[in-house]
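# Descriptive analysis of the structure
Here's the letter readout for the chains.
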Amino acid sequence: MKIGGFYSDSISNGVGWRAVLFVSGCPHHCLGCHNQESWDKDYGEPYVEDDIYNQMMENPFLDGLTLSGGEPFLYCQELFSLVKRVKARGLNIWSYTGFTFEELLRWSERNADVQQFLREVDVLVDGKFLIEKMVPQKRFRGSGNQRIIDVQASLKKQEIVLYMA
Ligand code: SF4
């Protein structure tokens with residue numbers, strides 16, 4: 001797995017003070033994507049889990065880690081260990097994805113890596129960026145079809161629970 005970038009502190013990729021990891025490789029190819037270089041899975045630098053983790057641990061004020069891309073759900077197996085370590089330190093996980101939550105649920109029924117990864121995500125910003133539904137004023141989203149989902153509450157209730165409207 002390659003990564004296109006890492007910010008050790010950001011306040012614009014989820015609620016609170018966050019680290020942000022941009023993975024490389026995206027199958028969605030949304031028209032108007034602002035990060036087209038991330039479509040190539042070979043873009044960027046090799047992912048080194050300890051580097052990311054250690055940089056995060058240098059900031060005692062972080063609230064969590066946001067996974068972006070690219071498409072994080074291409075790398076459920078590779079990211080799982082980092083996510084577990086980060087959560088063990090009391091931090092939360094946000095993930096962007098071009099898949100819908102419903103698509104991920106169906107995928108997770110036949111893929112244990114996706115299932116165990118999804119169970120560790122706290123907040124999911126789901127769906128492709130649709131330029132015809134662009135809404136610049138919505139927090140943390142590019143287009144109106146994208147939802148900010150409370151994953152744990154949604155899994156428990158077996159229905160979509162929004163984290164933020
Ligand atoms: S899912 Fe995200 S990274 Fe992938 S093409 Fe769409 S906007 Fe770009």
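Just so it is clear, the structure is predicted and the values come from calculations on it, not from any experiment. (Residues numbered from 1 in each chain as written. Predicted model: local features only at pLDDT ≥ 70, side-chain atom pairs only at ≥ 80, totals over all residues. Heavy atoms only, no water.)

### Topic: the sheet that holds strand β5 (residues 92–96)
- Pairing in this open sheet of eight strands is mixed, and the strands run β3-β1-β2-β4-β5-β6-β7-β8 from one edge to the other. Edge strands, defined here as strands with exactly one partner in the open sheet, are β3 (45–46) and β8 (162–164).
- Relative to β8, strand β7 (residues 147–150) runs antiparallel, the two sharing two bridges. Its bridge partner being in β8, Ile-148 is matched across the sheet by Met-164.
- Taken strand by strand, helix α1 (residues 49–57) contacts β1 (2–10), β2 (18–23) and β4 (64–68), and its axis lies near 5° from that of β1.
- Each of β2, β4 and β5 touches helix α2 (residues 76–88); the most contacted strand, β4, lies at about 160° to it. (Pairing = 2+ DSSP bridges. Helix = DSSP H or I, 4+ residues; strand = E, 2+ residues; numbered from the N terminus. Contact = heavy atoms within 4.5 Å. Axes fitted to C-alpha atoms, helices over the stretch in contact; angles between N-to-C directions.)

### Remarks on the layout of surface pockets
- Of the pockets and cavities examined, the largest pocket occupies roughly 880 Å³.
- Looking at the largest pocket, it is lined by 35 residues, and the ones nearest its centre are His-34, Asn-35, Ser-68, Gly-69 and Tyr-96.
- Of the residues forming the lining of the largest pocket, the biggest block, three residues, is contributed by β1.
- Of the residues that constitute the lining of the largest pocket, the class distribution is twelve nonpolar, 18 polar and five charged. (1 Å grid on protein atoms, 1.4 Å probe; cavity = no way out; pocket = protein on both sides within 12 Å on 5 of 7 lines; lining within 4 Å. Points joined across faces, edges and corners; volume = space filled by probe spheres on them. Nonpolar A, V, L, I, M, F, W, Y, C, P; charged D, E, K, R; others polar.)

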